[in-house]
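Descriptive structure summary
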Amino acid sequence: MGVKSKAAVAIIVLLLFLGSLWLQGGLDYHWESCLKGYNQVNKLHHLSNISEGDGAESPWVLEECPGQIFQVSVLLSHLQTAQAITSDVLLQPYLSSWDELVKFMEALGPMVGLISKEIETKTSIIRQLALLAEESPEAEQGSNRDPSTGVGAHDKLEASHHTSAYYSVRSMIQAELSQGVVDFHHQTDSGCRTLLRLHRALLWLKLFLEKLAETPVAGRLRSPSELCREAYGSTLAHHHTWFVRRAAELAFIAMPERGFFYRLLCVQNQNEFSIVLNKVVQAIGDTYDRTQGALEENGMLDLP
């Protein structure tokens, strides 16, 4: 077995091992989204109705990218739907956003596909809790209060039509606190703790995409590998052990080049790429800020 083959086997074994750790400790696997891509060649598709001057009032439309499972337009739709209530995040479209992000990571290659399964495990936990809550009337009692604070009358009316404990981030937090299922000292599979792990990973992803969207006035475009490593160091690295951080550094080496990302989003150059990513980053940022506010208000930013 050659050196390259041995290295490949070693990396795969390492990822499988880390995956088992992440299931018990958090979303350490998310940095692995910076893994090896494949050389699938897709027909470049023209962006529709995109301009630098798009305002908040005018709808922004992106045509479907042919030949791709991941669709950025679908991701944006889920993120925007998740923000239907002021100062809150609807859980079902939020989880659907993660479903699309999983497709994004899986598109980067089979090694990332191994890691994306761990993300699906986290989203499945919240979905299962929601199903159990629907089957148990007692689980719904803690969610009958207003799921957000400082909202308008219309938003309160809308929220009152939905009594599920897992209808939104705030309703889930209130329900789980009232039921005493959130443990501030020990690891549990509560929806709040699971959400926190997804939330931390979303910040990493937001920063990474934000950096990818940057177009320098002068000089070369920085490699995705370099940007991913930098984004990781500013976010998830703070929650990981030394061993995981070192393993992450190895994973970044196999990050695909920009051309792969252009094909994945069906854009032709960095300018179009930046326009699309800036829209995604803004939507992710709005969702992140709302979730951050809800978790912070309830002292849940450091759940074990």
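Just above, that's the structure.
Residues numbered from 1 in each chain as written. Predicted model: local features only at pLDDT ≥ 70, side-chain atom pairs only at ≥ 80, totals over all residues. Heavy atoms only, no water.

Focus on the packing of helix α2 (residues 72-82) against helix α3 (residues 91-106)
Note the cut-off: All axes are obtained by fitting lines to C-alpha atoms, using only the stretch in contact for helices, and the reported angles, taken between N-to-C directions, cover 0 to 180 degrees. Think of it this way: any DSSP run of H or I at least four residues long counts as a helix, any run of E at least two long counts as a strand, and we number them from the N terminus. In these notes the angle categories are as follows: under 35 degrees is roughly parallel, over 145 is roughly antiparallel, 65 to 115 is roughly perpendicular, and the rest is oblique. Less than a right angle of anticlockwise turn of the near helix away from the far helix marks a crossing as left-handed, whereas a clockwise turn marks it as right-handed. Contacts were defined at the residue level, with two residues in contact if any of their heavy atoms lie within 4.5 Å. Think of it as three bins: nonpolar holds Ala, Val, Leu, Ile, Met, Phe, Trp, Tyr, Cys and Pro, charged holds Asp, Glu, Lys and Arg, and polar takes everything else, Gly as well.
Relative orientation of the contacting elements α2 and α3 amounts to 160°, with a least axis distance of 8 Å. With respect to α3, the axis of α2 lies roughly antiparallel. With respect to the hand of their crossing, α2 and α3 are arranged in left-handed fashion. For the pair α2 and α3, the contacting residues are V74, L75, H78, L79, T81 and A82 in the first and P93, Y94, S96, S97, E100 and L101 in the second. Broken down by class, the residue content of the contact of α2 with α3 amounts to seven nonpolar, four polar and one charged.

Some thoughts on the state of the cysteines
Rule in force here: Here, the term disulfide refers to a pair of cysteine sulfur atoms separated by no more than 2.5 Å. Per-residue accessibility, obtained with a 1.4 Å probe over protein chains only, is compared with the maximum for each type, and a residue is labelled buried under 20%, exposed over 50%, and partly exposed between these values.
All told, the structure shown has one disulfide when counted by the stated rule. What pairs with C65 in a disulfide is C266, and their sulfur atoms sit 1.8 Å apart. Between C65 and C266, the S-S dihedral sits near 70°, and the bridge is therefore right-handed. Here the residue C65 occupies a position in the loop between α1 (3-25) and α2, and C266 occupies one in the loop between α11 (258-265) and α12 (270-297), the gap between them amounting to 201 residues. Residue class for C65 comes out buried when judged on its relative accessible area of 5%.

Observations concerning the nonpolar core
We apply this condition: Nonpolar core, defined: a set of buried Ala, Val, Leu, Ile, Met, Phe, Trp, Tyr and Cys residues in which side-chain atoms within 4.5 Å join the residues together.
Y94, F208 and L209 are the most contacted members of the largest nonpolar core, which totals 69 residues. It is helix α8 (residues 191-213) that provides the largest number of residues to this core, a total of 13 residues. Excluding residues that lie within four positions of it along the chain, Y94 makes contacts with A82, V89, L195, L198, H199, L202 and T287.

Side note on the environment of R263
Residue placement: R263 occurs in helix α11. Overall, the relative accessible area of 23% leaves R263 in the partly exposed class. For the pair R263 and F273, spaced 10 residues apart in sequence, the C-alpha separation works out to 9.9 Å.

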